[in-house]
Amino acid sequence: VQGQAVYSARFSPDARRFLIGADDLAAHAFDSETGEKILTASMLGRKDLLFDPSRNMFLEGHVSEISAIRFLPPIGDLLLSADYFGSISVWDAVPDDNGVGFERSRLLSEYSFSEFAVSDAGDYVIAGGAKSANPEGKLEDAELIHKGILWRTADILESPAPVPFQEFKDKHPNFAITAVGISPASEHVVTAGRRGKMVVWNIADGRAIAEADGQHNSDQVSGIFFESET
């Protein structure tokens, strides 16, 4: 790893590989037994730093530090890396002939304040994001519409810029979404934000089915985990 700080680390579903996201704007995969690096998911240093529509990929990679990283279960043949600008890159977890991972698609949350989550079955990816209510104004003056954004893996595999399957909004009007989660059976998602608000949503129709204000003594929620579907 060329960077000096590691921001995220994660084992693959079969525990044979582990991922590191560092401040060198790249994701690195290593063999769990030997420690040998087997993949770099980054396009830095390449000469063809352009979008190539004939290959359906983005070559520019991340332009900010990687904030979170995941293998996509159940097999782990894809890996996802997110940066502080709200961009999630989806990579083949097998290097090509130059040892660099192929970026298959990119998920854009516009303004992101949370980590992202993947479902246990690997069929969904969710992230917290925000959209400016005044796109023409300056970011520091703009009102943000905070929302959870859900993508289907099937759509991710078919498009370099997949359209979200659902957007969960209008329940976090004043504070950013800081944590997201997907239930084990991929029936519900949870969005949580600053000041402790938590909302449970139905994936099929995007409807909010439960909410609670002021959890965690009105402090920020930083992570969501399910023990069971119920």
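Here is what the cut-offs are and how they apply
Residues numbered from 1 in each chain as written. Predicted model: local features only at pLDDT ≥ 70, side-chain atom pairs only at ≥ 80, totals over all residues. Heavy atoms only, no water. Pairing = 2+ DSSP bridges. Helix = DSSP H or I, 4+ residues; strand = E, 2+ residues; numbered from the N terminus. Axes fitted to C-alpha atoms, helices over the stretch in contact; angles between N-to-C directions. 1 Å grid on protein atoms, 1.4 Å probe; cavity = no way out; pocket = protein on both sides within 12 Å on 5 of 7 lines; lining within 4 Å. Points joined across faces, edges and corners; volume = space filled by probe spheres on them. Salt bridge = Lys/Arg side-chain N within 4 Å of Asp/Glu carboxyl O. Buried < 20%, exposed > 50% of the residue type's maximum accessible area, 1.4 Å probe, protein only. Phe/Tyr/Trp six-rings, centres within 6.5 Å; stacked < 30°, edge-to-face > 60°. Lys NZ or Arg CZ within 6 Å of the ring centre and 35° of its normal. Contact = heavy atoms within 4.5 Å. pLDDT = per-residue confidence, 0-100. Core = buried A, V, L, I, M, F, W, Y, C linked by side-chain atoms within 4.5 Å.

Participant: So what about the sheet that holds strand S11 (residues 144–152)? Which residues, and what values?
Facilitator: One open sheet accounts for four strands, arranged S9-S10-S11-S12; its pairing is antiparallel. In this open sheet, the two strands that pair with only one neighbour each are strand S9 (116–118) and strand S12 (166–169). Each neighbouring strand pair of the sheet contributes to a mean axis angle of 25°, computed without reference to strand direction. Direction of pairing for S9 relative to strand S10 (residues 124–132): antiparallel, over a ladder of three bridges. Residue pairing in the sheet places Ala-117 in a bridge with Ile-126 of S10.

Participant: So, the layout of surface pockets: which residues are in play, and what are the values?
Facilitator: Space inside the largest pocket adds up to approximately 530 Å³. Lining the largest pocket are 23 residues, with Arg-70, Ala-117, Val-118, Ile-224 and Phe-225 positioned closest to its centre. Taken together, the elements giving at least two residues each to the lining of the largest pocket come down to strand S1 (6–11), strand S5 (66–72), S9 and strand S13 (177–182). Per-element tally for the lining of the largest pocket: the top contributor is S13, with five residues.

Participant: Could you give an account of the pattern of salt bridges, naming the residues involved and the relevant values?
Facilitator: Going through the model one piece at a time under the given rule, you end up with six salt bridges. Among the salt bridges present, the one from Lys-147 reaches Glu-167, with a minimum N-O distance of 3.3 Å. Here Lys-147 is found in strand S11, whereas its partner Glu-167 is found in strand S12, with 20 residues between them in sequence. By relative accessible area, which is 4% here, Lys-147 ends up buried.

Participant: I'd like to hear about the packing of aromatic side chains, residue by residue, with values.
Facilitator: Applying the stated criterion to the full structure yields four aromatic pairs. Measuring from ring centre to ring centre gives 5.2 Å for Phe-18 and Phe-30, while their planes differ by 15°; the resulting arrangement is stacked. Here Phe-18, found in strand S2 (residues 17–22), pairs with Phe-30, found in strand S3 (residues 27–31); they are twelve residues apart in sequence, far enough to count as distant. Among the residues examined, Phe-30 registers a relative accessible area of 11% and is labelled buried. Ring plane angle 45° and centroid distance 5.3 Å describe the contact between Phe-168 and Trp-201, whose orientation is recorded as tilted. Pair noted here: Phe-168 is in strand S12 and Trp-201 is in strand S15 (residues 198–202), with a separation of 33 residues, a long-range link. Both residues of the pair, Phe-168 and Trp-201, count as buried. Put simply, the rings of Phe-11, Phe-18 and Phe-30 touch in pairs and so form one group of aromatic residues. Stacked on the ring of Phe-116, the Lys or Arg Arg-70 has its end atom at 5.4 Å from the ring centre.

Participant: Can you tell me about the side chain of His-188, naming the residues and giving the values?
Facilitator: With respect to the helices and strands, His-188 occurs in strand S14 (residues 188–193). Residues within four places of His-188 in sequence aside, it is in contact with Gly-181, Ile-182, Ser-183, Val-200, Trp-201, Asn-202, Ile-203, Ile-209 and Glu-229.

Participant: Residue-level account of the confidence of the model for the chain, with values.
Facilitator: The share of residues in the chain with pLDDT of 70 or more is 75%, and the mean pLDDT across the chain is 77. Predicted confidence in the chain is weakest over strand S4 (residues 37–41), with a mean pLDDT of 73, and strongest over S15, with 95. Here residues 43–60 scores under 50 on pLDDT; set against residues more than four positions off or in separate chains, the count is 33 contacts.

Participant: Report on the sheet that holds strand S16 (residues 208–212), specifying residues and quantitative values.
Facilitator: Here we have four strands laid out as an open sheet, ordered S13-S14-S15-S16, and antiparallel in their pairing. The open sheet terminates on both sides in strands that have one partner only, identified here as S13 and S16. Put simply, the sheet's adjacent strands are angled 15° from each other on average, direction ignored. Where S13 lies against S14, five bridges are found, and the strand directions are antiparallel. Looking at the pairing, Ala-179 lines up with Ala-192 of S14.

Participant: Please give an account of the nonpolar core that cites residues and values.
Facilitator: Counting 15 residues, the largest nonpolar core has Leu-80, Ile-88, Leu-107, Phe-116, Val-125 and Trp-151 as the members making the most contacts within it. Elements with a contribution of two residues or more to this core: S5, strand S6 (78–83), strand S7 (87–92), S9, S10 and S11. When residues of this core are assigned to their parent elements, the largest contribution, three residues, is made by S6. Not counting the four nearest positions on each side in its chain, Ile-88 is found in contact with Leu-80, Ser-81, Ala-82, Ser-105, Arg-106, Leu-107, Phe-116, Ala-127 and Trp-151.

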